[in-house]
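# Architecture at a glance
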Amino acid sequence: MGTAGALGPRAAALAPALREALSGRDGETVTPALDADTALAEALWRVTEDAAAVVAALDSVFVRAEQNSWSQWSTVRAARTTALLGPAGRPFTSRLQTLLDNPVQAPAAVLALTAVAEPASLDRTALAAAVLRSAEREADPTGACDALEALGVAASTADHLRRLSVLADGDARIVRSGVEDRIIRQDEAFRNRAPALVTAFTAPTAP
């Protein structure tokens, strides 16, 4: 699937097989099945940009994920794939907004909303606050940085930047779960990236 997606339109001959492999709403709700359909949807988008088919596939993933209490990271992956669709993913706006209260899912939901929603409809300051709560609860610090970057400088208040600085400068690790060597690398990456965002967002704008 990844190879087909990387080929883009050159893999058009594989599009029927990608569509055939999708599970649909009656598919399994286990994490591997959800993630496989998300990967298929991403490959199909990169190969065909068939918005109708990809929206239907991702909608199936979101619906089935609601039936699996262990699927929150599958929802994150589906939200990140939704972001690739740009305005074609606008039907997911309401669904993405329902994810904002979940610290694990909020960064991916915000990242997708900045890509698919009508820009004027977004309360970017509120979205930045949801993303910071995710980082403060050690849910998805890396995704939080991605989302803050997507929201842009205007979304972050002075208090938001102060809180981000506290996270970057604190003694405790922000990334605490996962494989040990990856925890260290990911935590160091966050501590490098967060101050860079603060600096970029507080730099004076050119006249």
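Because the structure is a prediction, the values reported are computed rather than measured. (Residues numbered from 1 in each chain as written. Predicted model: local features only at pLDDT ≥ 70, side-chain atom pairs only at ≥ 80, totals over all residues. Heavy atoms only, no water.)

## What about the overall build of the protein chain?
Tallying secondary structure elements over the protein chain gives 11 helices and 0 strands in all. Secondary structure elements of the protein chain occur, N-terminal to C-terminal, as α-α-α-α-α-α-α-α-α-α-α. The contacts in the protein chain between residues at least 6 apart in sequence include a share of 68% that link residues at least 24 apart. Carbon and sulfur atoms form 54% of the exposed surface of the protein chain, whose accessible area is close to 10,400 Å². (Helix = DSSP H or I, 4+ residues; strand = E, 2+ residues; numbered from the N terminus. Contact = heavy atoms within 4.5 Å. Areas by Shrake-Rupley, 256 points an atom, 1.4 Å probe, with all protein chains shown as cover.)

## Regarding helix H3 (residues 31–48)
Spanning 18 residues, H3 covers 25 Å between terminal C-alpha atoms, matching the ideal 26 Å at 1.5 Å per step. Here H3 has its buried residues at Ala 33, Leu 34, Asp 37, Thr 38, Leu 40, Ala 41, Ala 43, Leu 44, Trp 45 and Val 47. Following H3 by one or two positions, Glu 49 adopts a phi angle in the positive range, close to 50 degrees. (Expected span 1.5 Å × (residues − 1). Buried < 20%, exposed > 50% of the residue type's maximum accessible area, 1.4 Å probe, protein only.)

## As for the pattern of salt bridges
The tally for this structure, following the rule as stated, stands at 14 salt bridges. Where salt bridges share partners, they join Arg 25, Asp 59, Glu 66 and Arg 95 into one cluster. (Salt bridge = Lys/Arg side-chain N within 4 Å of Asp/Glu carboxyl O.)

## Structural notes on helix H4 (residues 51–65)
The first and last C-alpha atoms of H4 sit 21 Å apart over 15 residues, in line with the 21 Å expected at 1.5 Å per residue. Summarising burial for H4: 12 of the 15 residues are buried, a large majority. Lining the buried residues of H4 we find helix H2 (15–21), H3, helix H5 (72–83) and helix H6 (93–97).

## Some thoughts on the packing of H3 against H4
Relative orientation and spacing of two packed helices are given, respectively, by the angle between their axes and the distance between those axes. With their axes 9 Å apart at the nearest point, H3 and H4 run at an angle of 165 degrees to one another. When the axis of H3 is compared with that of H4, the two are roughly antiparallel. Note on packing geometry: the crossing formed by H3 with H4 is left-handed. Between H3 and H4, the residues in contact are Ala 33, Leu 34, Asp 37, Thr 38, Ala 41, Leu 44 and Trp 45 and Ala 51, Ala 53, Val 54, Ala 57, Leu 58, Val 61, Arg 64 and Ala 65, respectively. When the residues that make up the contact of H3 with H4 are grouped by side-chain class, the tally is 12 nonpolar, 1 polar and 2 charged. (Axes fitted to C-alpha atoms, helices over the stretch in contact; angles between N-to-C directions. Parallel < 35°, antiparallel > 145°, perpendicular 65-115°, else oblique. Left-handed = near helix turned anticlockwise from the far one by under 90°. Nonpolar A, V, L, I, M, F, W, Y, C, P; charged D, E, K, R; others polar.)

## Considerations on the packing of helix H8 (residues 124–136) against helix H9 (residues 141–151)
Remark: H8 packs on H9, axes separated minimally by 8 Å, with the N-to-C direction vectors making an angle of 165 degrees. Between H8 and H9, the interaxial angle falls into the category roughly antiparallel. Relative to H9, H8 is oriented so that their crossing is left-handed. In this structure, H8 contributes Arg 124, Leu 127, Ala 128, Val 131, Leu 132 and Ala 135 to the contact, and H9 contributes Pro 141, Ala 144, Ala 147, Leu 148, Ala 150 and Leu 151. In terms of residue class, the contact of H8 with H9 is built from 11 nonpolar, no polar and 1 charged.

## Describing the environment of Ala 11
Locating Ala 11 in the fold gives a position in the loop between helix H1 (2–7) and H2. According to the relative accessible area criterion, Ala 11 is buried, its value standing at 4%. Linking Ala 11 and Arg 46, residues 35 residues apart in sequence, is a C-alpha distance of 9.2 Å.

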